[in-house]
Structures are given as C-alpha cells and as structure tokens.
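Residue-level structural notes
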Amino acid sequence: MTEAGALAGDADRRFMAAAIRLSRRHLGLTGTNPSVGTLIVRDDGAGPRIVGRGVTAIGGRPHAEPQALEEAGEAARGATAYVTLEPCAHHGRTPPCANTLVAAGISRVVGAASDPDPRVSGKGYAILREAGIEVVEGVLADEAADLMRGYLTRSLKKRPEVTLKLALSADGMIGRQGEGQVAITGAISRAQVHMMRAESDAILVGIGTALADDPALTCRLPGLSARSPLRIVLDRDTRLPPGSVLARTAREVPVLVTAASDCPTPRRIALAEQGVDFLAVDVHEGHIALPELLEDLAARGIMTLMVEGGAYTASAFLAEDLVDRLCLFTGPAEIGPGGIAAPLDPAHGPAGFRLLREARFGDDHYREYVRAG
C-alpha cells in the first residue's frame, strides 16, 4: 500500500472493496484488457451513495469509467470515482478514461492498483491532478492487483499468469495408474474448480490426461456454461482422438492443440473438420518448449492460464519455474498402492511460494500459494 493509500479512510476502503467485487464479474471475458470496476459515489449531506457503476465490458470495450459516468449522469459532477486500476491515459478510438473523468466534473478519484503499461503508468493520475482533481492512490492495491494478476503478468513478463491446480488424496496422490479420472475431492471443491475455470482465459492439460480421462474441461455451474474457457491440449504428435469429448465439442467451446508438425495427417484433418484449431510449437530435447508456448499464448491475448492436467505436465511447468499460483485441493481419503504421486510436497507446496489463503470445503482442505516476491 502506498503512503496515500495508508491515509485513506474507512469509507474509501469500503467503496473500493465494493468496486473490486464488481470487477470480478467479467474476469476472463475482457480480451486483452483487465476487468476493472468503477463506482461513482456522491454525498449531498445525507451520507455517501453510489450513483454510477461500471465494469469493463465483455470483449474489453467500453472501459469501466465511461459506463459508470453514463449511469451517474449529472450526479457525477462533484462526486468521487473509485477505480480499481489507474485510469488509462492513451488515445485510441475513444478518449482516455482520465480525460473522461475530468470532463464529467469528478472532484476526487480514489485508485487501487497501478498500471504497468508505459502508456498509462503515472500519466493517468497526472492528467487528473493537472485538472485540479484530488487523487488518492493505492487503496486496497494488493486486493485489486490479485484479481488483475493475469493482465499485470502479461504486461510485465509477456506471458499469461499460470495457475496450477491439483487435487490430492490424503496420502499425496493425484490419481491411480490406469483408472482415468478418480474422484478425490467433494462437490464443493469441484464447484470451486468450475468457478476458477469460468474466471480463466484458457485451461491446459497434457495429452496423457486427455487420453486417460477424456475430459470436457468446461464450466458446468448453472448459468455459467457460456464462460467456459479456451481448452488447450499439449499434444506434440497430434494424438487427440477425433472421437474425444474435446474434439466433438470444439465448435461449442474452442479447442487448441499444440502440435510440433503441421503436416496434414488424416487425424489432423479430421480434428480440423470438427473445429479444432492448431498452434505450432517448438520442441526442445523431445519436449514442447513451454516458455515459447506461453509467449505465443500471450500474443493471442491470453492473460490467465489454468493448468489442470497430469503429473507430467504439472512437473514440467514447475521445473521451468512457470507457475505463478498453486491451488491444492486435498480430499480426506487415501488412494494407496498404485497411486500417482503428486509432483510436489503436498504439506508445504514448492519452494519459492508463500501460502496466500486456505479454507475448508466440506471435508476437503484448500490451500492457495503464490510465488514469493
């Protein structure tokens, strides 16, 4: 938190927390733009009240600020704007949001996270201050940045933010050899995973998991099926069967196969006819080059990538130091002999990570780690 953020009052923190909650509404749906929340708050002597709300629109435009200002109308003049990310300062097809706030007569702006984009960083707040608007920065900055971590990671590292999800048995196993999908956690944990899918741009599994489990990898929460993310299969040799669930549903929810060859084999042709898309990848020592793959995915606009499938794939991302967030769901039962061991110490998580939060979902134990520093 910045010094200015530390001086913010309880009302500022309360309204910023509400703006952050609002921003979550369109996570995974805003293209290359972050999902930002904006509230316009006015106090005419009877206490503050929200007169305008906005969240970055699906696809990324319009931004949150002009939507909130449009809802507020004339009530925006002399009001306070709460924005979860510094207002943009660069011209595109529409004026910068900072200038839009000035034109609407906003008298005070409370901001949360800073924008690392060099076209914006510091410039948005400078426009506001030059217009005589009071600016308070850094209010609940960490909380806002946590929801925009994909955008921030893509801006700073030129790759998506990678979340590795693992379901573990009580004895540290992630499945049983030769048995495909094995139920490890309960219904609440599974619902939580589906919500994570709904808030991600893409979900990735290795071909081993795709062949063994024949998964759908969609969001199956009531009312949220349309928020299923892009499904990616690490499939160097194009082994995905045309009869798999992924291939048969590719026209409903996109599927991207990462293949080392673009030769028009019969299987590739059959997959393409079903709507499966392909991405050519580099191969190093027999393995798909993951850093280069992530760069290519970022170039396609993908900001958040959820890795779900297989001990081999999880180990590869961990070994390449490409995991930013680790979500462990531990069930109460043991798998025993024949189990597939987790690719990490389930009691402590990998080195270099810190525990962010933990919770109980029924009989399951949830722990979420983020990269330290």
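Just above, that's the structure.
Let me sum up the structure you'll find in this document. (Residues numbered from 1 in each chain as written. Predicted model: local features only at pLDDT ≥ 70, side-chain atom pairs only at ≥ 80, totals over all residues. Heavy atoms only, no water.)

1. Some thoughts on the pattern of salt bridges
- The final tally for this structure, using the stated rule, is 22 salt bridges.
- A salt bridge links Arg357 to Asp146; the shortest N-O distance between them is 3.7 Å. Of the two residues, Arg357 sits in strand S17 (residues 353–361) while Asp146 sits in helix H6 (residues 141–147), which places them 211 residues apart along the sequence.
- Close ionic contact of Asp324 with Lys157 constitutes a salt bridge, the shortest N to O distance being 3.5 Å. In this pair, Asp324 is assigned in the loop between helix H13 (311–319) and strand S15 (325–330) and Lys157 in helix H7 (residues 149–157), connecting sequence segments 167 residues apart.
- Given the relative accessible area of 46%, Lys157 is considered partly exposed.
- When salt bridges with common partners are traced through the structure, they connect Asp146, Arg149, Glu161, Arg325, Arg357 and Glu368 into a single cluster. (Salt bridge = Lys/Arg side-chain N within 4 Å of Asp/Glu carboxyl O. Helix = DSSP H or I, 4+ residues; strand = E, 2+ residues; numbered from the N terminus. Buried < 20%, exposed > 50% of the residue type's maximum accessible area, 1.4 Å probe, protein only.)

2. Here's the deal with the side chain of Ser200
- Of note, Ser200 is situated in the loop between helix H8 (187–198) and strand S8 (202–206).
- Overall, the relative accessible area of 10% leaves Ser200 in the buried class.
- One polar contact links the side chain of Ser200 to the main-chain carbonyl oxygen of Met196, over a distance of 2.8 Å.
- Setting aside residues up to four positions removed in sequence, Ser200 forms contacts with Gly28, Pro229, Thr304 and Met306. (Polar contact = N/O pair within 3.5 Å; in protein donor to acceptor, adjacent residues only side chain to side chain. Contact = heavy atoms within 4.5 Å.)

3. Things to note about the packing of aromatic side chains
- A full pass over the atoms with the stated rule returns four aromatic pairs.
- Ring plane angle 35° and centroid distance 5.5 Å describe the contact between Phe15 and Tyr82, whose orientation is recorded as tilted. Highlighted residues: Phe15 in helix H2 (residues 10–23) and Tyr82 in strand S3 (residues 80–85), separated in sequence by 67 residues. For the pair Phe15 and Tyr82, one class covers both residues: buried.
- The rings of Phe329, Phe361 and Tyr366 are connected pair by pair, giving a single aromatic cluster.
- Directly above the ring of Phe15 sits Arg14, whose terminal nitrogen or CZ lies 5.2 Å from the centroid.
- Sitting above the plane of the Phe278 ring, Arg268 keeps its charged end 4.0 Å from the centroid. (Phe/Tyr/Trp six-rings, centres within 6.5 Å; stacked < 30°, edge-to-face > 60°. Lys NZ or Arg CZ within 6 Å of the ring centre and 35° of its normal.)

4. A look at unusual backbone geometry
- The omega angle of the peptide bond from Arg61 to Pro62 is -5°, so this bond is cis rather than trans.
- Here Pro62 lies in the loop between strand S2 (48–55) and helix H3 (64–72).
- The phi dihedral of Leu140 falls on the positive side, at around 55°, and the residue is not glycine.
- Checked against the element boundaries, Leu140 lands in the loop between strand S5 (134–136) and H6.
- The residue Lys158 is not glycine, and still its phi comes out positive at about 60°.
- Its location among the elements puts Lys158 in the loop between H7 and strand S6 (161–168).
- Since its relative accessible area comes to 54%, Lys158 is described here as exposed.

5. Concerning helix H12 (residues 290–299)
- Where H12 is concerned, the buried positions are Leu290, Leu293, Leu294, Leu297 and Ala298. End-on view of H12: buried residues confined to an arc of 140°, all on one side of the axis.
- Looking one or two residues beyond H12, the residue adopting positive phi is Gly301, at roughly 95°. (Arc of directions from axis to C-beta.)

6. Quick look at the pairing of strand S18 (residues 364–371)
- In terms of burial, S18 is a largely internal element, seven of the eight residues being buried.
- Bridge count for S15 against S18 is six bridges, and the pairing is antiparallel. Bridge assignment links Phe329 to a residue of S18, and that residue is Tyr366.
- Bridge analysis of S17 against S18 gives eight bridges, and the strand direction is antiparallel. Across the sheet, the residue bridging to Phe361 is Asp364, located in S18.
- The turn joining S17 and S18, which pair antiparallel and follow one another in sequence, is formed by two residues; a positive phi near 65° is taken by Gly362. (Pairing = 2+ DSSP bridges.)

Note that every value here comes from positions in space, so none of it alone points to a role or purpose.
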